[in-house]
Amino acid sequence: MQTTQPSTLNSQLFADYHTHPQGHRVQRYTPELLQPWIDAARGRGITDIAFTDHDRYHAGIDFDELDRLRKRNPDVKIRAGVELDNDPKTSAAGRKWVEQNWERLDYVLGSVHYLSQPDQMFDSVPDGARQFSGRNIDEIYSDYFRRIREIAAGGLVDCLAHLDLVKIHGHRPYAPIAELVDETLELIRSRSLAIELSTAGWRKPVKELYPSDEIVAAAIKKGIPFTVASDAHSRAQLGENYERLAAKISAFGIREICVFEKHQRREVMTNARGNGEILTTN
Ligand SMILES: [Zn+2]
Ligand SMILES: [Zn+2]
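Counting starts from 1 at the beginning of each chain's written sequence and moves along it residue by residue. Here the convention is simple: chains get letters from A, ligands get numbers from 1, in the order in which they are written. Where local features are concerned, this predicted model is filtered to residues with pLDDT of at least 70; where side-chain atom pairs are given and counted, the filter is 80 or more; whole-chain, interface and lining totals use all residues. With hydrogens and water stripped out, all remaining heavy atoms of the structure feed into the side-chain values.

**Observations concerning the packing of helix α1 (residues 31-43) against helix α2 (residues 63-72)**
Right, on to step 1. Structural elements are reduced to axes, namely lines fitted to C-alpha atoms, with helices fitted over the stretch in contact, and the angle between N-to-C directions of any two is expressed from 0 to 180 degrees. A helix here means a DSSP run of H or I that spans at least four residues, while a strand means a run of E at least two residues long, and both kinds are numbered starting from the N terminus. With their axes 11 Å apart at the nearest point, α1 and α2 run at an angle of 40 degrees to one another. Judged by the angle between their axes, α1 and α2 are oblique. In the packing of α1 onto α2, the handedness of the crossing is right-handed. Two secondary-structure elements touch here, α1 through Pro31, Leu34, Gln35 and Ile38 and α2 through Glu65, Leu66, Leu69 and Arg72. Between 65 and 115 degrees an angle is taken as roughly perpendicular, under 35 as roughly parallel, over 145 as roughly antiparallel, and anywhere else as oblique. Crossing chirality is assigned from the near helix's rotation relative to the far helix, an anticlockwise turn below a right angle marking it left-handed and a clockwise turn marking it right-handed. Between two residues, a contact is recorded if the distance between any of their heavy atoms is within 4.5 Å.

**Quick word on the pattern of salt bridges**
Right, on to step 1. Salt bridge criterion: a side-chain nitrogen from Lys or Arg within 4 Å of a carboxyl oxygen from Asp or Glu. Per the stated rule, a full pass over the model turns up 27 salt bridges.
Right, on to step 2. Arginine 189 serves as the salt-bridge partner of glutamate 186, at 2.5 Å between the closest nitrogen and oxygen. Remark: arginine 189 and glutamate 186 occur in helix α5 (residues 178-190); sequence separation between them is 3 residues, near one turn of the helix.
Right, on to step 3. Per-residue accessibility, obtained with a 1.4 Å probe over protein chains only, is compared with the maximum for each type, and a residue is labelled buried under 20%, exposed over 50%, and partly exposed between these values. Looking at glutamate 186, the relative accessible area reads 30%, which means it is partly exposed.
Right, on to step 4. A salt bridge links lysine 222 to glutamate 186; the shortest N-O distance between them is 2.8 Å. Placement of lysine 222 in helix α6 (residues 213-222) and of glutamate 186 in helix α5 is noted, with a sequence separation of 36 residues between them.

**Digging into the coordination of the zinc ion (ligand 2)**
Right, on to step 1. Of the protein atoms, only His18 (NE2), His20 (NE2), Glu83 (OE) and Asp231 (OD) coordinate the zinc ion (ligand 2), at distances of 2.0 to 2.4 Å.
Right, on to step 2. A donor here means any N, O or S atom no more than 2.8 Å from the metal (3.2 Å for Na, K and Ca); water is not included, so a site may seem to lack partners. As a motif over one chain, the donors of the zinc ion (ligand 2) read H-x1-H-x62-E-x147-D.
Right, on to step 3. Between the zinc ion (ligand 2) and the zinc ion (ligand 1) the interatomic distance comes to 3.3 Å, and glutamate 83 is a ligand of both metals. Pair noted here: histidine 18 is in the loop between β1 (15-16) and α1 and glutamate 83 is in strand β3 (residues 77-84), with a separation of 65 residues, a long-range link. Of the two residues, histidine 18 and glutamate 83, both sit in the buried class.

**Remarks on the side chain of histidine 20**
Right, on to step 1. Inspection of the secondary structure assignment puts histidine 20 in the loop between β1 and α1.
Right, on to step 2. Counting of polar contacts relies on pairs of N or O atoms within 3.5 Å, with two restrictions inside protein: one atom must be capable of donating a hydrogen and the other of accepting it, and residues adjacent in sequence are counted only when both atoms are side-chain atoms. Here histidine 18 takes part through its side chain, which lies 3.1 Å from a polar atom of the side chain of histidine 20.
Right, on to step 3. Sequence-distant contacts of histidine 20, defined by excluding residues within four places in its chain, comprise Trp37, Thr52, Asp53, His54, Glu83, Asp231, Ala232 and His233.

**Digging into the coordination of the zinc ion (ligand 1)**
Right, on to step 1. Here the zinc ion (ligand 1) is held by Glu83 (OE), His113 (NE2) and His162 (NE2), and the distances to it run 2.1 Å.
Right, on to step 2. Donor residues for the zinc ion (ligand 1) sit on one chain with the sequence pattern E-x29-H-x48-H.

**A look at helix α7 (residues 242-252)**
Right, on to step 1. Within α7 the residues assigned to the buried category are Tyr242, Leu245, Ala246 and Ile249. One face of α7 carries all of its buried residues, which in axial projection span an arc of 100 degrees.
Right, on to step 2. Looking one or two places after α7, you find glycine 253, whose phi comes out positive at around 75 degrees. The directions from the helix axis to the C-beta atoms are what the arc is built from.

**Some thoughts on the state of the cysteines**
Right, on to step 1. Count a disulfide wherever a pair of cysteine sulfur atoms falls within 2.5 Å. Scanning the model with the defined rule gives 0 disulfides in all.
Right, on to step 2. Unpaired in terms of disulfides, cysteine 159 finds its nearest cysteine sulfur in cysteine 258, a separation of 6.5 Å.
Right, on to step 3. The class of cysteine 159 is buried, set by a relative accessible area of 0%.
Right, on to step 4. Of the residues examined, cysteine 258 reaches a relative accessible area of 1% and is grouped as buried.

Right, here's the structure in full:
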């Protein structure tokens, strides 16, 4: 069967559920800021996009502006989201803001960006790598996953972002992490949360998908659903490495990815578009 879609779209995934239009500072949501992201998404065959700016920049998020953006772009599903992390300084205010705006939000990502050093995200490249030097890597892994479980257990999140971000600078544990992963995934499963397949790992020093194949396989066994995401901090990164991700997804036999509307999760075939239209595959 022929479709009217260009064939290059057939292997592309239709959603991007981790994006930062504000980048790393407060920038009020305006048509000038957001429309170029929608245009870029559309250009890449992405028809379902979640804006998930960091909770510390929540002052820039404007739900009315998002409504106007939706009206102007009826062909793209636009989700209001936020990435809530464990910043010792800002996360209490972030949680409060999420609580207050829960009903206008479609989607909340939970993230661990802070380990024992309270004033620096450990995933800063390259500076964050210093937090690992001379330290016991196994202990850092165990501490990191404990913090993930804390975020997952704290409510207010729909999905965990970049689940094994702790590997970002290439530090590998010496002891097997299967038990640590199992305990963490079990909690995620029991809370009915999703995890993301993030291509961002491929552009970081570790050069590996988040999470690792080992974790993806364990999550599939538990029936944990996946979103797909680029963690784009500029619109040029939207859907980055999606061809590669699509190949990975098909190698794992993953047939559905999930999307969210007002925190309600829906699973959609990976070869569908955001509107549920199924594309033919070869
Ligand atoms: Zn993050
Ligand atoms: Zn992010």
